[in-house]
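The primary structure of each chain is shown beneath.
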Amino acid sequence: MIRAVEASQAVSAPVLAAYRYCETVTGQQARNFAYGIRLLPTPERRAMSALYAFSRRVDDIGDGELPGAVKVERLEDTRALLGRVQAGAVEEDDTDPVAVALAHAAGVFPIPLGGLDELIDGVQMDVRGATYETWDDLKVYCRCVAGAIGRLSLGIFGTEPGARGVERAPEYADTLGLALQLTNILRDVREDAEGGRTYLPADDLAKFGCSAGFAGPTPPEGSDFAGLVHFEVRRARALFAEGYRLLPMLDRRSGACVAAMAGIYRRLLDRIERDPEAVLRGRVSLPGREKAYVAVRGLSGLDTRHVSRQTLRGRA
């Protein structure tokens, strides 16, 4: 998907205010995401903030305390709002700043907004209390809530003219989303358990004696919790390796943004691998200095060059 639209810096005051609102939401609610999109040019950064703010609204409905039936109603209301955006029926003076910003972004960039329908579908799985027997089952959920975001983001980034294998860019963006989501699932396993949710496949939990769940700061008695975590870490690493093939297809700053966001999560994965039980004791995170290092590495193009060399060796 080669960038087909030249993004203009000039926007009206109402649209600019809407973007500022979305950037505030992003900065407050998604520090890792916000850290990565700082590396983008202004039009792309604003569009990514609009995309995040809409996604955050959907996630907040799913994570809130409302009864399930009310959540379903709110999600369908949000889907109807998305339909208005897709139909070009949101005016600049609309009272919903997220809708205004998203509508403007969709007019500037070829964003496949149907991916947000998929996100709503995924959150509805949460509301229904869906569980996942196998990795193939979990992949369906991950593709809705994260893979779709990767494909939506690609609509904003575009691809470099003449990039090799560019027809597979949406696939790689989707796979990178899966890698990020599986890392999230590992990081949040205790928090999700306290909320009554289990995302890891039942087959994997049974294999490592963890079917009893994660209600406390220690693994289930007699389980091989470390084995489970290391198994899922290997799966996530394989997804990262495949998804990173996207990097050489992006321009320098878009590639830096993706490398920064993915790099933060890969380092979270390293920490989880070193101390699996840390995810049962609290939320694993990275200090600011380490995030800054990841951002500098992304801007330098080190990750992109590394992936390019690996790809060339694979073709040799």
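*Asks:* How would you explain the pattern of salt bridges if you had to name every residue and give the values?
*Replies:* Considering all chains together, one arrives at 27 salt bridges under this definition. Here Asp63 ties to Arg56 by a salt bridge, and the two come within 4.0 Å at their closest N and O atoms. A residue is classified by how much of its surface remains accessible, and Arg56, at 18% relative accessible area, is buried. With a closest N to O distance of 3.4 Å, Lys139 and Asp136 form a salt bridge. Residue Lys139 and its partner Asp136 are both found in helix α7 (residues 135–157); the two are separated by 3 residues, about one turn of the helix. Under the relative-accessibility criterion, Lys139 is labelled partly exposed at 21%. The class of Asp136 is exposed, set by a relative accessible area of 52%. The network of salt bridges with shared partners includes Arg56, Asp60, Asp63 and Arg197.

*Asks:* A description of the packing of helix α6 (residues 114–127) against α7 should follow, citing residues and the corresponding values.
*Replies:* Following both chains from N to C, one finds α6 and α7 inclined at 155 degrees, their axes separated by 8 Å at the closest point. Compared by their axis directions, α6 and α7 come out roughly antiparallel. α6 and α7 meet at a crossing whose hand is left-handed. Residue-level contacts link Gly115, Leu116, Glu118, Leu119, Asp121, Gly122, Val123, Met125 and Asp126 of α6 to Val140, Tyr141, Arg143, Cys144, Val145, Ala148, Ile149, Arg151 and Leu152 of α7. Residues of the contact of α6 with α7, tallied by class, amount to 11 nonpolar, 2 polar and 5 charged.

*Asks:* Which residues make up the environment of Arg187, and what values do they have?
*Replies:* Structurally, the position occupied by Arg187 is in helix α8 (residues 169–187). In sequence terms Arg187 and Leu268 are 81 residues apart; their C-alpha atoms lie 8.0 Å from each other. Only 2.8 Å separates the side chain of Arg187 from the side chain of Asn184, close enough to count as a polar contact.

*Asks:* Break down the environment of Ala148 for me, with residues and values.
*Replies:* If you trace the backbone, Ala148 turns up in helix α7. For Ala148 and Asp174, which are 26 residues apart along the polypeptide, the C-alpha to C-alpha distance reads 6.3 Å. With near-sequence residues (within four places) excluded, Ala148 lies in contact with Gly115, Glu118, Arg143 and Asp174.

*Asks:* An account of the packing of aromatic side chains is needed here, citing residue identities and associated values.
*Replies:* Two descriptors summarise a pair of aromatic rings, namely the distance from one centre to the other and the angle between the planes of the rings. For the structure on display, the rule yields 6 aromatic pairs. Centroid distance Tyr132 to Tyr199: 6.5 Å. Interplanar angle 15 degrees. Geometry classified as stacked. Of this pair, Tyr132 sits in the loop between α6 and α7 while Tyr199 sits in the loop between α9 (189–194) and α10 (202–207); the two residues are 67 residues apart in sequence, bridging distant segments of the chain. Looking at Tyr132, the relative accessible area reads 6%, which means it is buried. The class for Tyr199 is buried, based on a relative accessible area of 7%. An aromatic cluster is built from Tyr132, Tyr141 and Tyr199, whose rings are joined through pairwise contacts.

*Asks:* Could you give an account of the packing of helix α3 (residues 42–63) against α6, with specific residues and numbers?
*Replies:* Between α3 and α6, the shortest axis-to-axis distance is 9 Å and the interhelical angle comes to 20 degrees. The angle between α3 and α6 falls in the class roughly parallel. At the point where α3 passes α6, the crossing takes the right-handed sense. Residues Leu51, Phe54, Ser55, Val58, Asp59 and Gly62 of α3 form the contact with α6, whose participating residues are Leu116, Leu119, Ile120, Val123 and Val127.

*Asks:* Give a detailed account of the state of the cysteines, specifying residues and quantitative values.
*Replies:* All told, the structure shown has 0 disulfides when counted by the stated rule. Free of any disulfide, Cys142 has its nearest neighbouring cysteine sulfur in Cys144, separated by 9.4 Å.

*Asks:* Outline α8, listing residues and values.
*Replies:* The end-to-end C-alpha separation of α8 is 27 Å, in line with the 27 Å expected for 19 residues at 1.5 Å each. Of all 19 residues in α8, 16 are buried; the element is thus mostly enclosed.

*Asks:* Explain α6 to me, using residue names and the numbers behind them.
*Replies:* Here α6 contains 14 residues, and its C-alpha end-to-end distance of 20 Å stays within 8% of the 20 Å for a straight helix at 1.5 Å per residue. Of the positions making up α6, those classed as buried are Gly115, Leu116, Leu119, Ile120, Gly122, Val123, Gln124, Met125 and Asp126. Buried residues in α6 make contact with α3, α4 (68–86), α5 (97–108) and α7. Positive phi shows up at Gly129, right after α6, with a value of about 75 degrees.

*Asks:* Would you mind going over empty space enclosed by the protein in detail, with residue names and values included?
*Replies:* Here the structure, examined in full by the defined rule, presents 2 cavities of 30 Å³ or more. Of the volumes computed, that of the second largest cavity is approximately 30 Å³. When its residues are assigned to classes, the lining of the second largest cavity shows 7 nonpolar, no polar and no charged.

*Asks:* Requested: an account of the confidence of the model for the chain, with residues and values cited.
*Replies:* Summary statistics for the chain give a mean pLDDT of 89 and a share of 90% for residues scoring 70 or more. Within the model, the stretch residues 2–8 combines pLDDT values under 50 with 15 contacts to residues more than four positions away or in other chains.

The rules behind the values
- The residue numbering used here restarts from 1 in each chain and proceeds along that chain's sequence as written.
- At least 70 in pLDDT is required for a residue's local features to be given in this predicted model, at least 80 for side-chain atom pairs to be given and counted, and no such filter applies to totals for whole chains, interfaces and linings, which use all residues.
- Excluded from the side-chain calculation are hydrogens and water; included are all heavy atoms of the structure.
- Basic side-chain nitrogens of Lys or Arg form a salt bridge, by our definition, when they fall within 4 Å of a carboxyl oxygen of Asp or Glu.
- Burial status follows relative accessibility: with a 1.4 Å probe on protein chains alone, a residue under 20% of its type maximum counts as buried, one over 50% as exposed, and anything between as partly exposed.
- The helix and strand labels rest on DSSP assignments: H or I over at least four residues marks a helix, E over at least two residues marks a strand, and numbering proceeds from the N terminus.
- Only the stretch in contact is used when a helix axis is fitted, and all axes are lines through C-alpha atoms; the angle between N-to-C directions ranges over 0 to 180 degrees.
- An angle counts as roughly parallel when it lies under 35 degrees, as roughly antiparallel when it exceeds 145, as roughly perpendicular when it falls between 65 and 115, and as oblique in every other case.
- The sense of a crossing depends on the near helix, which, turned anticlockwise from the far helix by less than a right angle, makes the crossing left-handed and, turned clockwise, makes it right-handed.
- Contacts are residue-level and defined by heavy atoms, with any inter-residue pair within 4.5 Å sufficient.
- For this scheme, ten residues count as nonpolar: Ala, Val, Leu, Ile, Met, Phe, Trp, Tyr, Cys and Pro. Four count as charged, namely Asp, Glu, Lys and Arg, and the remainder, Gly too, count as polar.
- Polar contacts here mean pairs of N or O atoms no more than 3.5 Å apart (in protein, one a potential hydrogen donor and the other a potential acceptor; neighbouring residues in sequence count only if both atoms are side-chain atoms).
- We call Phe, Tyr and Trp rings a pair once their centres come within 6.5 Å, taking the six-membered ring for Trp, and we label the pair stacked below 30 degrees between planes, edge-to-face above 60, and tilted otherwise.
- In what follows, a disulfide is any cysteine sulfur pair within 2.5 Å.
- Any helix carries an expected span of 1.5 Å times its number of residues minus one.
- We place a 1 Å grid over just the protein atoms. Points where a 1.4 Å probe fits but has no way out form a cavity, open points with protein on both sides within 12 Å along at least 5 of 7 lines form a pocket, and any residue with an atom within 4 Å of a point lines it.
- Grid points are joined across faces, edges and corners, and a volume is the space filled by probe spheres set on the points.
- The pLDDT value expresses, per residue, how confident the predictor is, ranging between 0 and 100.

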